[in-house]
Amino acid sequence: MTRICKRLSFVFTIAIGLVHAGCGGPQQTGQTAFPLLRDDPASTPLPNRVVSHPTSRSLPHSAISGRPLLYLGDSGGSDVDIYPLTGPNQKQIGSITSGIVYPWGLSLAADGSVYVADASNGTVTVYPYGSSSPSMTYSKGLHQPLYALADSAGHVYVGDREPAAHNKGFIVEYGAGANFPIKKVRLGSEEDGMAFDANGNLYVAYRKTAYNSSIAKFGPGLTNKRLLGMTINQPQGLVVDSSGNIVVVESASDDIKVFPPGTTTPSVTLNLSTAYRRSLAQLAMQNSETTLWVSTEGGEVLSMPYPLTASTKAAEYEQGKVFSNGIAVTH
């Protein structure tokens, strides 16, 4: 998204200190500029050259036992911030910094583990519920991982983007607990949102160019690839509800769109371009499907009742740090 390219450059140059590709050029067809990638880092344990951070603040067991949580990626601060999911404007109760440089997409597995796709570090790190130390790192074959999801069998699917000069996007599949890709599928120039439906099918929002983007559907194990045909201008966050409705962020216009099963025209388009700091990013929803959360690249978390209608109003739920993208909530 070109409108935040200068801000991203500042974040990378000043806050992280990594050299990165400039605005414009091939990256205009995907995310804004990322830092130049190093060679693939080592597998578990975490690579020694990860930049140092302040010590993570683990959550006391009494604070997290059975407690719903909200996770928000803080790319400017190189950490994931943790809040209680008990109402708006709660005080931060913990953070994860170990193994994180530039968190992009976040997701939660069924066991409550947090998966963090790090676009700068070239890794996906896994943190058990309540832990600030990674139990697993996926890195082999990755360049700029943007999102990661684990299925019910423990296989991990990563949306990966090669450096801007190559302009290639892939879905990379790993076996349970193994840092070695077992399958890799090319899909556009990058992948920007991933979700499973109730039957275990994988949906991936992908980009070819800024105006030629859509959603692909895969069966288990990246089988039966199907391009769904809707046109989305720079898709970002993605969820699929229990009825099969696809909810996706169109980041170019700050819209949230709902596509009923089998359709290519949205039944609902909710525009949030006049609210808050805009630049909508990732979506999150609990199993109850009564509330939808969306992060903004300005650091806010917005919430709204679900299902969405054209008149749905978003409210500020949490105020994060300067630059955020990934969001996840416990089920």
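Residues numbered from 1 in each chain as written. Predicted model: local features only at pLDDT ≥ 70, side-chain atom pairs only at ≥ 80, totals over all residues. Heavy atoms only, no water.

J.: What is the right way to read the overall build of the protein from this model?
T.: Check the secondary structure of the protein and you find two helices and 24 strands. Residue pairs at least 24 apart in sequence account for 47% of intrachain contacts in the protein once pairs closer than 6 positions are excluded. When the accessible surface of the protein is summed, it comes to about 12500 Å², and 53% of that surface belongs to carbon and sulfur atoms. (Helix = DSSP H or I, 4+ residues; strand = E, 2+ residues; numbered from the N terminus. Contact = heavy atoms within 4.5 Å. Areas by Shrake-Rupley, 256 points an atom, 1.4 Å probe, with all protein chains shown as cover.)

J.: Quick question: what am I supposed to make of a positive patch on the surface here?
T.: Among the surface-exposed residues, Lys168, Lys184, Arg186, Lys208 and Lys225 lie close enough to one another that they form a single positively charged patch. Mapped onto the secondary structure, lysine 225 falls in strand 15 (residues 223–227). (Patch = residues over 30% accessible without salt bridge, like charges linked within 9 Å, V, L, I, M, F, W, Y side chains within 5 Å. Salt bridge = Lys/Arg side-chain N within 4 Å of Asp/Glu carboxyl O. Lys, Arg positive; Asp, Glu negative; His and termini not counted. Charge placed at Lys NZ, Arg CZ, Asp CG, Glu CD.)

J.: Any chance you could explain the pattern of salt bridges here in plain terms?
T.: Opposite charge on two side chains allows them to pair when their charged atoms are near. Across all of its chains, the model carries three salt bridges by this definition. Across the pair lysine 257 and glutamate 250 runs a salt bridge whose closest N-O atoms are separated by 3.3 Å. Given the relative accessible area of 8%, glutamate 250 is considered buried. (Buried < 20%, exposed > 50% of the residue type's maximum accessible area, 1.4 Å probe, protein only.)

J.: When you look at the sheet that holds strand 9 (residues 156–161) in this model, what are you seeing that I'm missing?
T.: Strands belonging to one sheet form pairs held by backbone hydrogen bonds; the direction of such a pair is parallel or antiparallel. The strand order across the open sheet built from four strands is 8-9-10-11, with neighbouring strands paired in antiparallel fashion. Lying at the two open borders of the sheet, with one neighbouring strand each, are strand 8 (144–150) and strand 11 (181–186). The sheet shows a mean angle of 20° between the axes of neighbouring strands, taken without regard to direction. Bridge count between strand 9 and strand 10 (residues 169–174): six bridges; the pairing is antiparallel. What sits directly across from glycine 159, in strand 10, is isoleucine 171. (Pairing = 2+ DSSP bridges. Axes fitted to C-alpha atoms, helices over the stretch in contact; angles between N-to-C directions.)

J.: Honestly, the pairing of strand 11 in this entry has me stumped. Any pointers?
T.: Pairing geometry for strand 10 and strand 11, over five bridges, is antiparallel. Bridging from a neighbouring strand, valine 172 pairs with lysine 184 of strand 11. Between the end of strand 10 and the start of strand 11, which pair antiparallel, lie six residues, with glycine 177 showing a positive phi angle near 65°.

J.: Is there a simple way to explain the side chain of glutamine 236 in this structure?
T.: Structurally, glutamine 236 can be placed in strand 16 (residues 235–240). A distance of 3.1 Å separates a polar atom in the side chain of glutamine 236 from a polar atom in the side chain of arginine 207. (Polar contact = N/O pair within 3.5 Å; in protein donor to acceptor, adjacent residues only side chain to side chain.)

J.: I tried to follow the sheet that holds strand 24 (residues 324–329) on my own but got confused; where do I start?
T.: With antiparallel pairing, four strands are arranged side by side in an open sheet as 3-2-1-24. Edge positions in the sheet fall to strand 3 (94–96) and strand 24, since each has one partner strand and no second. When the angles between neighbouring strand axes are averaged without regard to direction, this sheet yields 25°. Where strand 1 (residues 69–74) and strand 24 come together, four bridges link them in antiparallel fashion. Among the inter-strand pairings, leucine 72 is bridged to a residue of strand 24, identified as isoleucine 327.

J.: Is there a simple way to think about the nonpolar core in this case?
T.: The nonpolar side chains of soluble globular proteins are, as a tendency, buried together. Residues Ile171, Met194, Leu202 and Phe218 are the most contacted members of the largest nonpolar core, which totals 19 residues. For this core, the secondary structure elements donating two or more residues are strand 8, strand 13 (202–209) and strand 14 (212–219). Once you skip the residues sitting within four places of it in the chain, methionine 194 turns out to touch Tyr147, Ala148, Leu149, Tyr157, Val158, Gly159, Ile171, Leu202, Tyr203, Val204 and Leu238. (Core = buried A, V, L, I, M, F, W, Y, C linked by side-chain atoms within 4.5 Å.)

J.: Help me understand the layout of surface pockets, please; the structure alone is not making it clear to me.
T.: To find leftover empty space, a probe the size of one water molecule is rolled over the atoms. For the largest pocket, the calculated volume is near 1100 Å³. Lining the largest pocket are 47 residues, and of these Leu108, Leu149, Phe196, Asn287 and His331 lie nearest its centre. Those elements giving two or more residues to the lining of the largest pocket turn out to be strand 4 (103–108), strand 8, strand 12 (190–196), strand 16, strand 20 (280–285) and strand 24. Of the residues in the lining of the largest pocket, the class split is 27 nonpolar, 15 polar and five charged. (1 Å grid on protein atoms, 1.4 Å probe; cavity = no way out; pocket = protein on both sides within 12 Å on 5 of 7 lines; lining within 4 Å. Points joined across faces, edges and corners; volume = space filled by probe spheres on them. Nonpolar A, V, L, I, M, F, W, Y, C, P; charged D, E, K, R; others polar.)

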